[in-house]
Amino acid sequence: MKQTYCNPLDLGYRYQHMKEGSRVEGFREGADPTLVFFKEKYYLFVSMSAGFWYSDDLLHWEFHPDPGLLIYDYAPDVRQVGEYLYFCASRKGKNCPILRSKDPLHEPFEQVSAPFAFWDPDLFLDDDGRVYLYWGCSNTTPIWGVEMDPKTMTPIGEKKELIFGQEESLGYERPGDNGVVDREASVVYQALKQHYNPATGKLEFPPEMQHIPGMSTDDLAAMFFAVGKPYIEGAYMTKHNGTYYLQYACPGTQYNTYADGVYTSDSPLGPFTLQTSNPFSAVPGGFMTGAGHGSTISDRYGNYWHAATMRISVNHDFERRVGLFPAGFDRDGVMFCNQNFADYPHHIPAGPFDAAKWQPEWMLLSYRKPVTASSTAAGSNPALAVNETCRDWWSAGSAAPGQWLCVDLEKEQDIRAIQVNLADEGVVVDFPADSYGDARKTRHIELQPQISRYTVETSLDGATWTARETVARECSNGYYEYPEGIRARYVRVTGGELPYGQTLRISGLRVFGNGDGDKPARARASAVRVSPLDGKVHWQHLEDAQGCNVRYGIAPDKLYHSWLVYGADEVNLSTLMAGQECYVCVDSFNENGITTGEIIKMEG
């Protein structure tokens, strides 16, 4: 029985086929996860999945198809109210239905109301039986909140503005990889900058642009001047010890710094105060980055978990996956998420545990190890499968079944888990025009399971092989656990038939286990504030380290943020809050373990 998991979660992410003008792309997507514990079972609702997953233990997930459940409406939200599980999702230009079911696995969701149009909703039931709805997804408008009638699911009173962006003082809200804002990279900015008059500071549109159906010149101007501002979206409310923790996502799903921040209040509709420790959830470094737009719940044992969106964003900005992280509240009421080594194998205990002390179960054995392949496409390289980024990959030179990739661990190792991350590239499939189900008729969700077939083998000598896995399922991020251990030097993946006849492509052949050598030397770090929102952390070169995990936070006992760094001796922490003290600890690591660093105060 599996006892560990590894982010991104091993789910059957559905293919999305986009046709946006001349641009046609196919990619797998799973995002905006809402996790709920309902009637002794966990449910996981994920955007664009045409159904949902359920589990008894957060480890073993089964998919329940439900193609009639508003599958083209983004950001599905589910909450228990009484005996029902309530469901709603996002729409523009028309009222959003709110539905409910007493038994999602056996009874359909039935509509209760359709109160108004909203995007990124979150329904919240308070202890006193009152119900609230939060929503918002924009770089020009805030997160909103309103009380709802629990019987009719219609608003009571007026909506309230709750959270606005503050990118001038919150580093983690700055849009752009590593917090670097690049307006020139924006399609909107490129299209409209020719109409900008620097003398007046205004946009001056020609007559033909002043009568665009459904879009006023004021709308265009608002979009132009909002370029470089963060999207504030993905609200989720968690209540703990009488305090309301309103979480929100920013600055954009396509960035490595995609995160969830949190505000607190003693009232469900505020006023809200920014928590001193932010962002609450962020994974800016590692194999797969991003940890925004999620949900935070308590499990059957009282442990807290945060499910969030992780990004690939190569074939399309919305090429994404789902991550799961332990969360909690410290003795001062600070909400935190433990994302140290966020994409390594971790154990899920069958009982209470201390989320702050959670550590990876095994270390990475395959980083930058020698790799061979049956063939390699022009411009590709087998080494791209072991460089610890999901945003590039090795491609076989042929689409014929039987292509393989093999990593040499350079000596016999104690292998405990293998993760096989498949990549998509150049997927172009044509579907009938009436099968594009979103309002703009640009998206087709593949409802037919797209099966990936491959084998995983291990060997001590590279000549005699032992089959470990024969895979035939919907699977882009397969995770295979061997808790008793496998002694092997070589790990080989051989492709069979893949979705849409694709070539075997692997972004990460990740092998985990217990190294038998020495841990790396201790990092001697320095940290200097280089701007109100940025801090430079540097350490000496460590020959025996794969990298360093930089932990940081507002106090020596609150190092709740982390940035995983491979193959470098420094990092710019771009997620800082202006005026907030920062403490740093740099932990070096290799396949043999982690060497804890010294906690230092950032200078400047």
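Note that the coordinates shown come from a computational prediction; the quantities given were computed from them, not determined experimentally.

Trainee: Run through the overall build of the protein, naming residues and quoting values.
Mentor: Helix and strand counts for the protein stand at two helices and 45 strands. Its C-alpha radius of gyration of 24 Å places the protein within 12% of the 25 Å reference for a compact globule of 604 residues. Principal-axis analysis of the C-alpha atoms places the extent of the protein at approximately 70 × 60 × 60 Å. Carbon and sulfur atoms form 49% of the exposed surface of the protein, whose accessible area is close to 23,700 Å². Of the charged side chains in the protein, 53 are positive and 78 negative, and the gap between their average positions amounts to 0 Å.

Trainee: Could you give me a rundown of the pairing of strand β20 (residues 243-250), with the residues and numbers involved?
Mentor: Burial analysis of β20 places seven of its eight residues in the buried class, which makes it a mostly covered element. Where strand β19 (residues 232-240) meets β20, six bridges bridge the pair, whose relative direction is antiparallel. The partner of Lys-239 across the bridge, within β20, is Tyr-244. Between β19 and β20, which pair antiparallel and follow one another directly, the connecting turn spans two residues, one of which, Asn-241, has a positive phi of 50°. Judged from the seven bridges that link them, β20 and strand β21 (residues 259-265) form a sheet pairing that is antiparallel. When the sheet's bridge partners are listed, Ala-249 is paired in β21 with Asp-260.

Trainee: Pulling in residues and values, what's your account of the nonpolar core?
Mentor: Counting 28 residues, the largest nonpolar core has Ile-415, Ile-418, Val-420, Tyr-454, Ile-506 and Leu-509 as its most contacted members. The set of elements that each furnish at least two residues to this core consists of β32 (404-422), β34 (452-459), β36 (477-495) and β37 (505-514). The residues contacting Ile-415, other than those within four sequence positions of it, are Leu-365, Leu-409, Tyr-482, Gly-485, Ile-486, Ala-488, Val-491, Val-511, Phe-512 and Gly-513. Ranked by size, the runner-up nonpolar core spans 21 residues in total, among them Leu-9, Leu-59, Leu-324 and Ile-348.

Trainee: Report on unusual backbone geometry, specifying residues and quantitative values.
Mentor: In this structure, the amide linkage connecting Gly-270 to the following residue, Pro-271, adopts the cis form with an omega of 10°. Position of Pro-271 relative to the elements: it lies in the loop between β21 and β22 (273-274). Residues Asn-278 and Pro-279 are joined by a peptide bond in cis, for which omega reads 0°. Inspection of the secondary structure puts Pro-279 in the loop between β22 and β23 (281-282). One non-glycine residue, Asp-32, lies in positive phi territory at about 55°. Positionally, Asp-32 belongs in strand β4 (residues 31-38). For Asp-32, a relative accessible area of 5% corresponds to the buried category. Positive phi, close to 60°, is recorded for Ala-50, a residue that is not glycine. Structurally, Ala-50 can be placed in the loop between β5 (41-47) and β6 (51-55).

Trainee: Give a description of the side chain of Ser-281 that names residues and reports values.
Mentor: Looking at where Ser-281 falls in the secondary structure, it is placed in strand β23. Within polar-contact distance, the side chain of Ser-281 engages the side chain of Gln-339 at 2.8 Å. The contact partners of Ser-281, leaving out residues within four places of it in the chain, are Ala-259, Asp-260, Ala-291, His-306, Ala-308, Cys-337 and Gln-339.

Trainee: Residue-level account of the environment of Tyr-344, with values.
Mentor: Structurally, Tyr-344 can be placed in the loop between β27 (335-337) and β28 (346-347). Using a relative accessible area of 0% as the deciding quantity, one classes Tyr-344 as buried. Along the backbone, Tyr-344 and Met-363 are 19 residues apart, and their C-alpha atoms lie at a distance of 7.2 Å.

Trainee: How would you sum up the sheet that holds strand β2 (residues 14-20)? Please name residues and give values.
Mentor: Strand order in the open sheet formed by three strands is β3-β2-β33, and the pairing between neighbours is antiparallel. Unpaired on one side and paired on the other, β3 (23-29) and β33 (443-445) mark the two borders of the sheet. When the angles between neighbouring strand axes are averaged without regard to direction, this sheet yields 20°. Across seven bridges, β2 lies against β3 in antiparallel orientation. Bridge pairing in β3 places Lys-19 opposite Val-24.

Trainee: Just give me the short version of the pattern of salt bridges, but keep the residues and values in it.
Mentor: The final tally for this structure, using the stated rule, is 34 salt bridges. In this structure, the salt-bridge partner of Asp-73 is Arg-91, at a minimum N-O distance of 2.7 Å. Of this pair, Asp-73 sits in the loop between β7 (62-65) and β8 (77-81) while Arg-91 sits in the loop between β9 (84-88) and β10 (98-101), and the two are 18 residues apart along the sequence. Linked by salt bridges that have partners in common, Glu-29, Asp-32, Arg-320 and Arg-443 make up one network.

Trainee: Pulling in residues and values, what's your account of the sheet that holds β7?
Mentor: Reading across the sheet, the four strands line up as β4-β5-β6-β7 and stay open at both edges, with antiparallel pairing between neighbours. Both outer strands of the open sheet, β4 and β7, are each paired with one neighbouring strand and no more. Each strand of the sheet is rotated relative to its neighbour by a mean of 25°, with strand direction disregarded. In terms of strand pairing, β5 meets β6 through four bridges, oriented antiparallel. Its bridge partner being in β6, Phe-45 is matched across the sheet by Phe-52.

Trainee: How would you sum up the side chain of His-561? Please name residues and give values.
Mentor: Tracing the backbone through its elements, the reader meets His-561 in strand β41 (residues 561-566). If we ignore the near neighbours within four places in the chain, the residues touching His-561 are Ser-277, Asn-278, Pro-279, Val-550, Arg-551, Tyr-552 and Gly-553.

Trainee: Please set out the environment of Asp-424 residue by residue, giving values where relevant.
Mentor: Looking at the secondary structure, you find Asp-424 in the loop between β32 and β33. With relative accessibility at 1%, the residue Asp-424 sits in the buried group. Residues Asp-424 and Arg-505 lie 81 residues apart in sequence; the distance between their C-alpha atoms is 7.0 Å. In this structure, Asp-424 is in contact with Tyr-15, Arg-28, Asn-315, Trp-393 and Gln-502, ignoring residues within four places of it in sequence. Polar side-chain contacts of Asp-424 include one of 2.7 Å to the side chain of Gln-502.

Trainee: Residues and numbers for the packing of aromatic side chains, please.
Mentor: What the rule picks out here adds up to 31 aromatic pairs. Note on Tyr-5 and Trp-358: the rings are 6.4 Å apart at their centroids and 25° apart in plane angle, and the pair reads as stacked. Taken together, the residues span a long stretch of sequence, with Tyr-5 in strand β1 (residues 4-5) and Trp-358 in the loop between β28 and β29 (363-364) at a distance of 353 residues. Take Tyr-5 and Trp-358: they sit in the same class, and that class is buried. When the centroid spacing of 6.2 Å and the interplanar angle of 70° are considered together, the rings of Tyr-84 and Tyr-86 count as edge-to-face. Residue class for Tyr-84 comes out partly exposed when judged on its relative accessible area of 22%. Of the residues examined, Tyr-86 reaches a relative accessible area of 3% and is grouped as buried.

Parameters and conventions
Residues numbered from 1 in each chain as written. Predicted model: local features only at pLDDT ≥ 70, side-chain atom pairs only at ≥ 80, totals over all residues. Heavy atoms only, no water. Helix = DSSP H or I, 4+ residues; strand = E, 2+ residues; numbered from the N terminus. Rg over C-alpha atoms; globule rule 2.2 N^0.38 Å. Areas by Shrake-Rupley, 256 points an atom, 1.4 Å probe, with all protein chains shown as cover. Lys, Arg positive; Asp, Glu negative; His and termini not counted. Charge placed at Lys NZ, Arg CZ, Asp CG, Glu CD. Buried < 20%, exposed > 50% of the residue type's maximum accessible area, 1.4 Å probe, protein only. Pairing = 2+ DSSP bridges. Core = buried A, V, L, I, M, F, W, Y, C linked by side-chain atoms within 4.5 Å. Contact = heavy atoms within 4.5 Å. Polar contact = N/O pair within 3.5 Å; in protein donor to acceptor, adjacent residues only side chain to side chain. Axes fitted to C-alpha atoms, helices over the stretch in contact; angles between N-to-C directions. Salt bridge = Lys/Arg side-chain N within 4 Å of Asp/Glu carboxyl O. Phe/Tyr/Trp six-rings, centres within 6.5 Å; stacked < 30°, edge-to-face > 60°.

This is a description of form; function is not addressed.
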